[in-house]
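Here's the letter readout for the chains.
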There are 2 protein chains.
Amino acid sequence: MSAAVETPKKAFRRLPPADRKKQIVEAAVAYFSEFGFEGATRGLADRLGVTQPLIYRYFPSKDELIRAVYEEVYLSRWRGEWMQLLGRRDLPLRERLIAFYESWTSVVFEPQWMRIYMFSGLRGLDINRWWITFVEDHLLRRVCEEVRALSGLPSASETPITAAEIDGYWLFHGGIFYYGMRENIYAVPPRTPLPRFIEMAIDSFLQGFPEAVKSALPQAD
Amino acid sequence: MSAAVETPKKAFRRLPPADRKKQIVEAAVAYFSEFGFEGATRGLADRLGVTQPLIYRYFPSKDELIRAVYEEVYLSRWRGEWMQLLGRRDLPLRERLIAFYESWTSVVFEPQWMRIYMFSGLRGLDINRWWITFVEDHLLRRVCEEVRALSGLPSASETPITAAEIDGYWLFHGGIFYYGMRENIYAVPPRTPLPRFIEMAIDSFLQGFPEAVKSALPQAD
DNA sequence: ATCGTTACTGATCAAGTGCTAAACAAAGTC
DNA sequence: GACTTTGTTTAGCACTTGATCAGTAACGAT
């Protein structure tokens with residue numbers, strides 16, 4: 001009955017391809033961070049208020065869309081200033097580290113970033129290895145070099161940073177990261193406020209680590 | 001053509017229900033740890049050399065099977081001795097902690113356990129909160145109590161363990177756990193052997209933590 | 001106004017999903 | 001050897017998935 005009821009037939013908006021593409025990637029980050037990479041392209045399209053085939057106009061396959069999500073999360077959210085900051089020897093190392101972690105956690109300790117990180121890690125491929133190596137080279141190694149300088153030890157170019165130093169710092173970096181996991185993945189927010197936790201971690205690190213490195217590199221003089 | 005070729009028609013084996021059920025759960029742990037919980041029941045059945053509907057004779061739904069996997073991984077692999085070991089005050093705390101982590105990592109630092117842990121964490125439900133709280137109550141709180149005893153501080157029954165103490169130890173526990181993630185999820189095996197890493201972590205912990213607690217609980221005398 | 005380009009939709013396919021019901025066959029009992 | 005029990009298979013339903021393609025309509029140029 002009631003054939004007179006007319007469906008609104010809402011006209012669709014035509015966006016410049018660049019805009020639409022960006023819009024899709026951003027929605028995909030949010031969507032996949034919720035449902036994982038097995039989330040359906042139809043669900044994503046619904047959320048965008050768009051039909052599903054449209055996604056395939058911008059990305060030849062779902063895998064390609066996922067690649068774009070990786071780029072958005074891992075690359076475009078990485079801040080070059082971080083490495084600069086770590087190297088600023090006019091500031092005490094303690095301050096640099098605290099400032100760095102406050103900035104870094106403001107990007108990384110966020111459900112979207114965290115969940116995409118975990119999902120992509122479990123998916124395998126090469127993203128895993130790439131990211132861990134990247135962090136090791138751009139953050140951990142950097143910090144170890146600063147500790148060397150602080151303790152008057154030979155620079156990395158003279159005596160390469162050892163595996164023990166890297167892994168020694170991983171203990172703290174991983175410990176800080178796990179705070180973010182508890183908060184954003186396991187939804188059991190730690191009761192210690194993040195800034196205080198960071199300070200605590202850094203102080204704990206600076207208290208023992210430099211001495212340990214010093215005695216492990218006895219050939220320095 | 002060649003209609004004479006007879007399919008071998010291999011006879012199937014009839015197992016006692018308890019055996020078959022156990023077999024299915026164990027295969028499910030392995031299977032889901034590889035593909036995640038969205039792995040298909042048909043794939044699991046193939047791997048078992050069995051047809052897919054058989055799984056539904058033993059588990060009313062896939063969700064129920066997943067619940068059984070949780071139990072297998074989280075409950076049946078937990079060792080009661082761990083808590084006992086941590087409380088053995090006839091041994092130095094350092095030795096207890098090292099022994100505990102060597103035993104604990106032998107169970108947890110394994111692709112199956114680790115990946116199920118991550119997958120279940122991302123799935124949500126209540127497993128997350130339950131596990132984190134469980135670890136906090138059975139391991140971390142325990143360690144904090146031992147540190148109290150070691151430092152001659154008031155026991156937990158007199159002065160409850162504080163959030164700062166728990167989170168302070170999370171830094172180290174999380175840092176150790178992250179070693180397992182690098183190894184088993186991200187497939188970038190750390191170059192420091194695990195036993196050495198554990199020792200390093202414990203020493204680093206014992207060096208600063210007890211003093212920090214002492215000065216944070218000034219009302220003790 | 002009209003026209004051409006192309007961003008977008010509607011319809012659809014083939015493959016795969018969890019799950020069910022009925023038929024089959026292996027093992028124990030008499 | 002016939003009979004019962006029940007572990008296992010075969011067949012299949014309803015639905016969702018990634019992906020395709022022809023057709024529609026929004027927008028800019030003229």
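A.B. asks: In this structure, what is going on with the pattern of salt bridges? I would like to understand it.
C.D. replies: A pair can form between side chains of opposite charge whenever their charged atoms are brought close. Applying the stated criterion across every chain yields a total of 26 salt bridges over all chains. The shortest N-O distance in the salt bridge between arginine 182 of chain B and aspartate 167 of chain A comes to 2.9 Å. Pair noted here: arginine 182 of chain B is in helix α9 (residues 163–184) and aspartate 167 of chain A is in helix α9 (residues 163–184), and the two residues belong to different chains. A relative accessible area of 3% means that aspartate 167 of chain A is categorised as buried. Ionic pairing is found between aspartate 203 of chain B and arginine 94 of chain B, a salt bridge with its closest N-O pair at 2.6 Å. Taken as a pair, aspartate 203 of chain B in helix α10 (residues 194–216) and arginine 94 of chain B in helix α6 (residues 93–108) lie far apart in primary sequence, 109 residues in all. Bridged by salt links that share partners, the residues Glu72, Arg77 and Glu110 of chain A form one connected network.

A.B. asks: Quick question: what am I supposed to make of α9 of chain A here?
C.D. replies: Side chains that are three or four residues apart share a direction in an α-helix, a result of its 3.6 residues per turn. Residues and elements named next belong to chain A. Taking 1.5 Å per residue, 22 residues should reach 32 Å; α9 reaches 30 Å between its end C-alpha atoms and fits that length. Where α9 bends most, the angle comes to about 25°, and this point is leucine 171. Burial analysis of α9 places 19 of its 22 residues in the buried class, which makes it a mostly covered element.

A.B. asks: Where do I start with the nonpolar core in this structure?
C.D. replies: Nonpolar side chains in soluble globular proteins tend to be buried together. Counting residues in each nonpolar core, the largest one holds 153 residues, and the members touching the most others are Tyr117, Tyr169 and Phe177 of chain A together with Tyr117, Tyr169 and Phe177 of chain B. Look past the residues within four positions of phenylalanine 177 of chain A in its chain and what remains in contact with it is Trp104, Val108, Phe109, Trp113, Met114 and Tyr117 of chain A together with Tyr178 of chain B.

A.B. asks: Mind showing me how you'd approach the protein's contact with DNA strand D here?
C.D. replies: Residues in contact with DNA strand D amount to 25 residues; listed here are only the nearest, Arg14, Tyr56 and Lys62 of chain A together with Arg20 and Thr51 of chain B. Restricting the count to atoms of DNA strand D within 4 Å of the protein gives a sugar and phosphate share of 62%. Note that a phosphate oxygen of DNA strand D is positioned 2.4 Å from one of the side-chain N or O atoms of tyrosine 56 of chain A. Between DNA strand D and the protein, one listed contact pairs a phosphate oxygen with a backbone N or O atom of arginine 13 of chain B at 2.8 Å.

A.B. asks: It is not clear to me how the relation of the copies chain B and chain A should be interpreted in this structure. Could you clarify?
C.D. replies: One copy of the chain maps onto the second through a rotation about an axis and a displacement along it. If you rotate chain B by 180° and push it 0.0 Å along the axis, it lands on chain A with an RMSD of 0.1 Å. Such a turn and shift between the copies fits a two-fold axis. Across chain B, the smallest distance between a C-alpha and the rotation axis is recorded for glycine 175 of chain B, namely 1.9 Å. Looking at chain B, 98% of its interface residues are interface residues in chain A too, so the copies touch through the same face.

A.B. asks: So what exactly am I meant to see when it comes to the packing of helix α1 (residues 17–35) of chain B against helix α2 (residues 41–48) of chain B here?
C.D. replies: Axis angle and axis distance: for two packed helices, these are the angle between their axes and the distance between the axes, and together they describe the pair. Residue and element names in this part refer to chain B. Remark: α1 packs on α2, axes separated minimally by 10 Å, with the N-to-C direction vectors making an angle of 125°. Classified by the angle between their axes, α1 and α2 sit oblique to one another. Here α1 runs over α2; the crossing is right-handed. Touching Gln23, Ile24, Ala27, Ala28, Ala30, Tyr31, Glu34 and Phe35 of α1 are Gly43, Leu44, Arg47 and Leu48, all from α2. For the contact of α1 with α2, a count of residues per class yields eight nonpolar, two polar and two charged.

A.B. asks: What's the story with the protein's contact with DNA strand C in this structure? I'm lost.
C.D. replies: Arg20 and Tyr58 of chain A together with Gln52, Tyr56 and Lys62 of chain B are the nearest of the 26 residues found near DNA strand C. Near the protein, meaning within 4 Å, the atoms of DNA strand C are sugar or phosphate in a fraction of 64%, with bases accounting for the rest. Arginine 20 of chain A places a polar side-chain atom, nitrogen or oxygen, 2.6 Å from a phosphate oxygen of DNA strand C. Contact between DNA strand C and threonine 41 of chain B: a phosphate oxygen at 2.9 Å from a side-chain N or O atom of the residue. At the level of secondary structure, the elements contributing two or more residues to the surface near DNA strand C comprise α1 (17–35) and α3 (52–58) of chain A together with α2 and α3 (52–58) of chain B. Here the surface near DNA strand C takes four residues from α3 of chain A, the largest share from any one element. Across the surface near DNA strand C, the residue classes break down as 12 nonpolar, five polar and nine charged.

Scoring rules and cut-offs
Residues numbered from 1 in each chain as written. Chains lettered and ligands numbered in written order. Predicted model: local features only at pLDDT ≥ 70, side-chain atom pairs only at ≥ 80, totals over all residues. Heavy atoms only, no water. Salt bridge = Lys/Arg side-chain N within 4 Å of Asp/Glu carboxyl O. Helix = DSSP H or I, 4+ residues; strand = E, 2+ residues; numbered from the N terminus. Buried < 20%, exposed > 50% of the residue type's maximum accessible area, 1.4 Å probe, protein only. Expected span 1.5 Å × (residues − 1). Bend = angle between axes of the 7 residues up to and from the residue. Core = buried A, V, L, I, M, F, W, Y, C linked by side-chain atoms within 4.5 Å. Contact = heavy atoms within 4.5 Å. Near = heavy atom within 4 Å. Polar contact = N/O pair within 3.5 Å; in protein donor to acceptor, adjacent residues only side chain to side chain. Least-squares fit on C-alpha atoms with pLDDT ≥ 70 in both. Axes fitted to C-alpha atoms, helices over the stretch in contact; angles between N-to-C directions. Parallel < 35°, antiparallel > 145°, perpendicular 65-115°, else oblique. Left-handed = near helix turned anticlockwise from the far one by under 90°. Nonpolar A, V, L, I, M, F, W, Y, C, P; charged D, E, K, R; others polar.

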